[in-house]
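# Descriptive structure summary
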Amino acid sequence: AQKITQTQPGMFVQEKEAVTLDCTYDTSDPSYGLFWYKQPSSGEMIFLIYQGSYDQQNATEGRYSLNFQKARKSANLVISASQLGDSAMYFCAMMCFMNYGGSQGNLIFGKGTKLSVKP
Amino acid sequence: NAGVTQTPKFQVLKTGQSMTLQCAQDMNHEYMSWYRQDPGMGLRLIHYSVGAGITDQGEVPNGYNVSRSTTEDFPLRLLSAAPSQTSVYFCASSYSWGDTGELFFGEGSRLTVL
């Protein structure tokens, strides 16, 4: 079965510093994608970044980068130069593309990490 | 563009009552889905649809019904509400099932069942 694990319920980071949010995943599907979403206190879900399992390079989007370590099945989100507006819940999610135990084509979410940025 | 629109944003029900959460998207997306979000649980998939007339169950489908008669609309029905269904519900859509692009979310509907 596919599973996403985020082991950090909450984290603090000083403004302007970098922070890494951990995400590990479990799947036997050789073809999958990994996503990160941000949920501010207002509640909306904001897409941040995507990494495909066959992508050779780590994905980057502005201050966000995804540290993809396939052998370790980890897809950590790195936020550089943290800002106060980065305070939010962050969800790691996975989508599998082949029929390995169901759920293919749908996003499976982790339980989230609450990031607090201190001024 | 309206994107994904959910109504109502807030609802209070008594146990046993029924209601429908509405979801509409104006992006001509084939794929639509419903998630529920509970504290400490992340988002869990309830039902999804890969196109008009086609629906399937997700991880937590019990107590919920869906239908997809048009591309635009994907309502979620609670036939007999239970306190365990107190949650925040999100509707989401994307171009197609298995799309590696962004999954567009509605603003959420907060449901309380007393």
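Thresholds applied
Residue positions are given per chain, counted from 1 along the sequence in the order it is written. Both sets of labels track the order of writing: A upward for chains, 1 upward for ligands. Local features in this predicted model are restricted to residues whose pLDDT is 70 or higher, and side-chain atom pairs enter the listing and the counts only when it is 80 or higher, whereas totals over whole chains, interfaces and linings include all residues. Side-chain numbers come from the whole structure's heavy atoms, not from hydrogens or water. Numbering of helices and strands starts at the N terminus; helices are DSSP runs of H or I of at least 4 residues and strands are runs of E of at least 2. Our radius of gyration is a C-alpha quantity, and the globule rule it is checked against amounts to 2.2 Å times the number of residues to the power 0.38. Summary of the burial criterion: residues with accessible area below 20% of their type's maximum are buried, those above 50% are exposed, and those between are partly exposed, where the area comes from a 1.4 Å probe applied to protein chains only. Any two residues whose heavy atoms approach within 4.5 Å at even a single point are treated as in contact. Areas reported as accessible are Shrake-Rupley estimates using a 1.4 Å probe. Residue values count occlusion only from the protein chains shown. Only four residue types enter the tally: Lys and Arg on the positive side, Asp and Glu on the negative side; His and the chain ends are excluded. The atom standing in for a charge is NZ when the residue is Lys, CZ when it is Arg, CG when it is Asp and CD when it is Glu. Joining through side-chain atoms within 4.5 Å is the link that ties buried Ala, Val, Leu, Ile, Met, Phe, Trp, Tyr and Cys residues into a set, and such a set is a nonpolar core. Two parts placed together each lose some accessible area under a 1.4 Å probe, and the buried area is that loss summed for both. A pairing counts as a salt bridge when a side-chain nitrogen of Lys or Arg comes within 4 Å of a carboxyl oxygen of Asp or Glu. Identification of polar contacts relies on pairs of N or O atoms within 3.5 Å, with a donor-acceptor requirement for protein atoms, meaning one able to donate a hydrogen and the other able to accept it, and with residues adjacent in sequence counted only if both atoms are side-chain atoms. Only rings of Phe, Tyr and Trp enter the pairing, Trp through its six-membered ring, and a pair is recorded when the two centres are within 6.5 Å. The plane angle decides the type: under 30 degrees is stacked, over 60 is edge-to-face, the rest tilted. Geometrically, a charge over a ring is one whose NZ (Lys) or CZ (Arg) sits within 6 Å of the ring centre while staying within 35 degrees of the ring normal.

## Some remarks on the overall build of chain A
From N to C terminus, chain A includes 0 helices and 12 strands. The C-alpha atoms of chain A give a radius of gyration of 14 Å, which matches the 14 Å a tight globule of 119 residues would have. The buried share among the 119 residues of chain A stands at 50%. A sequence separation of at least 24 residues applies to 58% of the contacts in chain A between residues at least 6 apart.

## Focus on the overall build of chain B
The helix and strand inventory of chain B stands at 0 helices and 11 strands. Its helices and strands taken in sequence order, chain B reads β-β-β-β-β-β-β-β-β-β-β from the N to the C terminus. Whereas a compact globule of 114 residues would reach a radius of gyration of roughly 13 Å, chain B reaches 13 Å, a difference of no more than 12%. By residue count, 47% of the 114 residues in chain B fall in the buried class. Of all intrachain contacts in chain B linking residues separated by at least 6 positions in sequence, the fraction that spans at least 24 positions is 53%. When the accessible surface of chain B is summed, it comes to about 5,300 Å², and 50% of that surface belongs to carbon and sulfur atoms. With 7 positive and 10 negative side-chain charges, chain B shows a spacing of 13 Å between the two charge centroids.

## Looking at the nonpolar core
Burial of nonpolar side chains together is a common tendency in soluble globular proteins. Residues Trp36, Leu77, Tyr90 and Leu115 of chain A are the most contacted members of the largest nonpolar core, which totals 26 residues. Those residues in contact with Tyr90 of chain A, other than ones at most four positions away along the chain, are Gln6, Leu21, Trp36, Tyr37, Lys38, Leu48, Leu77, Ile79, Gly112, Thr113 and Leu115 of chain A.

## A word on the interface of chain A and chain B
By a widely used convention, the size of an interface equals the accessible area lost when the partners come together. Each partner contributes residues to the interface: chain A has 17 residues there, and chain B has 18 residues. Between chain A and chain B, the buried area comes to about 1,500 Å², and carbon and sulfur atoms account for 60% of it. Where chain A touches chain B, the interface holds 0 salt bridges. On inspection of chain A and its partner chain B, the count reaches 4 residue pairs in polar contact (both at pLDDT 80 or more). Residue assignment for the side of chain A that touches chain B shows that the elements contributing at least two residues are strand 5 (32-39), strand 6 (46-52), strand 10 (88-96) and strand 11 (107-109) of chain A.

## Description of the packing of aromatic side chains
For the structure shown, the criterion picks out 14 aromatic pairs over all chains. Consider the rings of Phe109 of chain A and Tyr35 of chain B, whose centres lie 5.4 Å apart with planes at 90°: the pair is edge-to-face. Taken as a pair, Phe109 of chain A in strand 11 and Tyr35 of chain B in strand 4 (residues 31-38) lie in two separate chains rather than in one. Residues Phe109 of chain A and Tyr35 of chain B agree in their burial class; the two are buried. A network of ring pairs unites the aromatic residues Phe35, Tyr37, Phe47, Tyr50, Phe91 and Phe109 of chain A together with Tyr35, Phe90 and Phe105 of chain B as a single cluster. Here the guanidinium or amino end of Arg63 of chain A rests over the ring plane of Tyr64 of chain A, the centre of that ring lying 5.7 Å away.

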